Amino acid sequence: NYDDLKELIFGGRNYLLDTKNAKTITGTKSANQCTNLYVLSDAKSSCNSEKMSLSFTYKVSSYTGGDFIIQTYGGSSKGWSRITPSSDGTFTYKHTITTPTNFDAATGVQIRMDAFVGTIEISNMMLEKGNTFSDWTPAPEDNANLIEDLGDYVLNITKETVIVSTDLSGNILS
C-alpha cells in the first residue's frame, strides 16, 4: 500500500559508540538495578523529537525471573519497551519510540533490571533515526577512532624501528 510506504523512515547511522563490544550483566534480583551500556554520539543533537529505532541481540542464561528495559541516562530519561524473557536463549529486540524534545541531554543508554535473576549478554546494539531497522554498523566516530589508533600504531612502529646496515660479509656497519 502506498500510504504505508510513505510512513517509512530510513536511518542507518548508529548513534551509540563502541557497540562492537558486547556487554554482560548479571541480575541481582534487586529493583532498579541500572548498568550503563553505551555512550551516545555527539550527533545526538539532531535526534530531539525524532522517531528512533533501537535493535540488539540479547542472550539470556540462568534466568529464573524478572524483567529489564533499555533506557537513556544522564539528563533526559526515555525507555523502550519492557522485556520479560520466557526462557534462556538468544533473542532479537526491535522497537521504535519518539524521543523527547531534550533527548540531546542524555549521555547514553543503560539497562535497568527489576527483580531480574540471570545473566544477559547484549550485542550488536544499534540506535538509528527512523522506523525501520538496519543491520548493525558501528557509529562513524568508531571508524574514525580506529583510523586514528592505526595511525598512532604506525607512528610508534616507525619511531621504534632501527635500521641496521651490514656489509657483504654480514658485519654491522655503524
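Coordinates for the structure precede this section.
**Q** Would you take a moment to explain the pattern of salt bridges for this structure?
**A** Once the charged atoms of two side chains with opposite charge are near each other, the side chains can pair. Within the structure shown, the criterion is met by five salt bridges. Taking the shortest distance from any N to any O, the salt bridge between Asp18 and Lys20 comes out at 3.1 Å. Here the salt bridges do not stand alone but share partners, grouping Asp67, Arg82, Arg112 and Asp114 into one network.

**Q** Help me understand the side chain of Asp142 in this model?
**A** As for its placement among the helices and strands, Asp142 is situated in helix H2 (residues 140–160). At 6.1 Å, Lys20 is the nearest oppositely charged side chain to Asp142, a buried residue that forms no salt bridge. Within the structure, Asp142 has its side chain in polar contact with the backbone nitrogen of Asp18 (distance 3.0 Å).

**Q** I keep staring at the environment of Leu40 and nothing clicks. Help me out?
**A** If you trace the backbone, Leu40 turns up in the loop between strand S2 (33–39) and strand S3 (51–73). For Leu40, the residues in contact, after removing those within four places along its chain, are Tyr15, Leu16, Leu17, Phe103, Ala106, Thr107, Gly108 and Leu127.

**Q** How should I be thinking about unusual backbone geometry in this particular structure?
**A** Even without being a glycine, Ala115 presents a positive backbone phi close to 55°. Here Ala115 shows up in strand S5 (residues 108–129). For Ala115, a relative accessible area of 36% corresponds to the partly exposed category. Of note in this structure, Asn124 is not a glycine but carries a positive phi near 55°. Within the secondary structure, Asn124 sits in strand S5. For Asn124, a relative accessible area of 37% puts it in the partly exposed group.

Rules behind the numbers
- By convention here, each chain's residues receive numbers from 1 onward along its written sequence.
- The predicted origin of the model limits local features to residues at a pLDDT of at least 70 and limits the giving and counting of side-chain atom pairs to 80 or more, whereas totals for whole chains, interfaces and linings rest on all residues.
- Each side-chain value is derived from all of the structure's non-hydrogen atoms; neither hydrogens nor water enter the calculation.
- For salt bridges, the criterion is a side-chain nitrogen of Lys or Arg within 4 Å of an Asp or Glu carboxyl oxygen.
- Only runs of H or I of at least four residues qualify as helices and only runs of E of at least two qualify as strands under DSSP, and these elements are numbered from the N terminus.
- Three exposure classes are used, based on accessible area relative to the maximum for each residue type with a 1.4 Å probe and protein chains only: buried under 20%, partly exposed in between, and exposed over 50%.
- When charges are counted, Lys and Arg are positive and Asp and Glu negative, with His and the chain ends excluded.
- Polar contact is the term for a pair of N or O atoms within 3.5 Å; when the atoms are in protein, one must be able to donate a hydrogen and the other to accept it, and sequence-neighboring residues count only if both atoms are side-chain atoms.
- Two residues qualify as a contact provided that any one of their heavy atoms is within 4.5 Å of a heavy atom in the partner residue.

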